[in-house]
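Okay, here's what each chain looks like letter by letter:
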There are 2 protein chains.
Amino acid sequence: MTDARPDWYIEEEVSGFRLGFEIVETLHEEQTGLQHVQVHQTRSFGRLLVLDDCVMLTEHDEFIYHEMLAHVPLFTHPEPRRLLVVGGGDGGTLREAARHPTLEQIVLCEIDPRVTAVAREWFPALRPGLEDPRVQILHRDAAEYIREQARAFDVILVDSTDPVGPAAALFEQDFFEEARQALRDERGILAAQGESPHLQREQVRQLHAALGAVFPRTWLYQAHIPMYPSGWWSFALATLGLDPQATEVHERIRAAALPTRYHCADVHRAAFALPPCVRELLP
Amino acid sequence: MTDARPDWYIEEEVSGFRLGFEIVETLHEEQTGLQHVQVHQTRSFGRLLVLDDCVMLTEHDEFIYHEMLAHVPLFTHPEPRRLLVVGGGDGGTLREAARHPTLEQIVLCEIDPRVTAVAREWFPALRPGLEDPRVQILHRDAAEYIREQARAFDVILVDSTDPVGPAAALFEQDFFEEARQALRDERGILAAQGESPHLQREQVRQLHAALGAVFPRTWLYQAHIPMYPSGWWSFALATLGLDPQATEVHERIRAAALPTRYHCADVHRAAFALPPCVRELLP
């Protein structure tokens, strides 16, 4: 800080609407071969990770996003053993996934090695996932990698940036078809971050249309994520048959009694309750 | 607009975190005897009403706030006949309340007549409530008015600004005691807008402590409201015995089949599902 005037990280993902985080100090900034990476110490949200001018996570809120992306699908599967995380190089999704003792192997396929290195250096709360002995980290293009993985995984989590730039392919029907064949058996599950159902309605509609063309059963579930534009975020869940609202899913969540701060059996059920203005986005 | 540079309405209700709405045109601005009132045409949220530098509503999102404040308590009561709305001079809560055919009398107690006049002029979608023949509009201090209303109302809705300035008294235990004696019988219900459970945790805690000291049964319920800071908003519900989650409440919602865009039986139930990080704020 060279003067007393506060500095702000301003995000305008949706034209005409901005979120601003006051920056106390910029801790790191670099242009990797793939994207622009920033780490700021903010005044109200702890540390902030930004990729290509989009908020990826803040220390204060990341638990909500990561718990909801990991636990909703992982509890839906009766016994997940092999997990693929696409993107998610920061390690937050790994940390939550690693709380599931049935998992024997967790592959992280993150295209940019610098994201993992930066997260490891600046976000201590994310490290446990990156250091779990079951985790194997690959720095490859996930769309390519997944083509080689026939019947390999029980659950696939797409922890991507927005559907522009490097992550655009991860929202397409072709990718979902490859992902489907990478699922081990008829209990296979895919979950993906799914944009804001309030501000990015057309992207949400397209994502669910693409997913619905490939998987027999799909759902949208929601969470309150203040660090993202509108604070109203969605995830997409697709299965070959399993139901995330089955009684045994709620029983598994209660029995595990993970020390989560957002996801729990009640919130798991409630996340699938859609207002009419969201229901109309689905096929 | 005098030049090509866009203008922004910036709100920093919580220090270090800002929401910004791009302004296309400022339609109205005045200092009333009580507060500063602004109406802006925004680029992405329709028209915006601001009172004392706090977003009250935008045309795009107001339906969520008003549906959730009005329908959750009004469907919890088996036959609401007399309703008091405290604050809410813009008319949005009235519009939703007026959809309940059992209501015979609706009193709006809004301290600032200019809020009602400005809303009537600039927000056509809010007018129906203000013009409903069952509505009586009083421009009085609600804390004073309610003292004279022994056993007068079935439901009281507190549609206030934040607990600073003119509305501070509406969050205090004294006010809730007066409100309780203004409820007609043991089926009485009070609901209030309740701040952000993410950004205003101490205010939420105090509100529920005060309410819990007066009413035998209290709940917090949540909604996604992008126009407010964090997008994660709460409401407080207090009853003398009724349960907002009783089966007959969900049946009444389904039978009424109101043309709502956010509230529905599923969302009504889900709104009460609290993550551990919110549950811990309650007494």
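Here's a quick rundown of the structure. None of the values given here were measured: they were computed from a predicted structure. (Residues numbered from 1 in each chain as written. Chains lettered and ligands numbered in written order. Predicted model: local features only at pLDDT ≥ 70, side-chain atom pairs only at ≥ 80, totals over all residues. Heavy atoms only, no water.)

Let us now look at the environment of B:Ala192. Residue and element names in this part refer to chain B. Tracing the backbone through its elements, the reader meets Ala-192 in strand β10 (residues 189-193). Taking the C-alpha atoms as reference, Ala-192 lies 6.2 Å from Asp-159; in sequence the two are 33 residues apart. With residues up to four places along the chain from it excluded, the contact list for Ala-192 reads Leu-69, Val-158, Phe-235 and Ala-236. (Helix = DSSP H or I, 4+ residues; strand = E, 2+ residues; numbered from the N terminus. Contact = heavy atoms within 4.5 Å.)

At A:Ser230, a position not held by glycine, the phi torsion is positive, near 85°. By the secondary structure assignment, A:Ser230 is in the loop between β11 (217-224) and β12 (232-239). Taking the relative accessible area as the measure of exposure, A:Ser230 reaches 3% and is therefore buried. Despite not being glycine, B:Asp53 shows a phi value in the positive range, around 60°. With respect to the helices and strands, the residue B:Asp53 is situated in the loop between β4 (47-51) and β5 (54-58). Judged by its relative accessible area of 49%, B:Asp53 falls in the partly exposed class. (Buried < 20%, exposed > 50% of the residue type's maximum accessible area, 1.4 Å probe, protein only.)

Attention now moves to the interface of chain A and chain B. With 39 residues of chain A in contact, the opposing surface of chain B contributes 39 residues. With both sides pooled, the region where chain A packs onto chain B buries about 3100 Å², and carbon together with sulfur makes up 66% of that total. On inspection of chain A and its partner chain B, the count reaches zero salt bridges. At the junction of chain A and chain B, the tally comes to 13 residue pairs in polar contact (both at pLDDT 80 or more). Counting only elements with at least two residues in the side of chain A that touches chain B, the list comes to β1 (7-14), β2 (17-31), α1 (62-76), β11, α9 (265-270) and α10 (276-279) of chain A. Residues of the side of chain A that touches chain B, tallied by class, amount to 20 nonpolar, eleven polar and eight charged. Relative to strand β2 (residues 17-31) of chain B, β2(A) runs antiparallel, the two sharing five bridges. (Buried area = accessible area lost by both parts, 1.4 Å probe. Salt bridge = Lys/Arg side-chain N within 4 Å of Asp/Glu carboxyl O. Polar contact = N/O pair within 3.5 Å; in protein donor to acceptor, adjacent residues only side chain to side chain. Nonpolar A, V, L, I, M, F, W, Y, C, P; charged D, E, K, R; others polar. Pairing = 2+ DSSP bridges.)

Screw-axis analysis of chain A against chain B gives a translation of 0.0 Å along the axis, an RMSD of 0.0 Å, and a rotation angle of 180°. Here the two chains are linked by the operation of a two-fold rotation axis. Of all interface residues in chain A, 100% are interface residues in chain B too; the two copies therefore contact each other through one and the same surface. (Least-squares fit on C-alpha atoms with pLDDT ≥ 70 in both.)

Across all of its chains, the model carries 34 salt bridges over all chains by this definition. Between A:Glu79 and A:Arg81 there is a salt bridge, with its nearest N and O atoms 3.2 Å apart. Residue A:Arg81 is classed as partly exposed on the basis of its relative accessible area, which comes to 33%. One salt bridge in this structure joins B:Arg140 and B:Glu148, with 2.8 Å as the shortest N-O distance.

All names here are of chain B. Counting buried residues along strand β3 (residues 36-42), six of its seven residues qualify, which places the element largely inside the surrounding structure. If you look at the hairpin formed by β2 and β3, you'll find four residues sitting between the two strands. Where β3 lies against β4, five bridges are found, and the strand directions are antiparallel. Across the sheet, His-40 pairs through a bridge with Leu-48, a residue of β4. Counting the residues that bridge the hairpin from β3 to β4 gives four residues, and of these Gly-46 lies at a positive phi of roughly 70°.

Right, let's talk about the sheet that holds β11(A) for a bit. All names here are of chain A. Overall, mixed pairing links the seven strands, which are arranged β8-β7-β6-β9-β10-β12-β11 in an open sheet. Looking at which strands have only one partner, the edges of the open sheet turn out to be β8 (135-138) and β11. Looking at each pair of strands side by side, their axes are set apart by 15° on average, direction ignored. The pairing of strand β6 (residues 82-87) with strand β7 (residues 105-109) spans five bridges and is classified as parallel. Note on β7: the bridge partner recorded for Val-86 is Cys-109. (Axes fitted to C-alpha atoms, helices over the stretch in contact; angles between N-to-C directions.)

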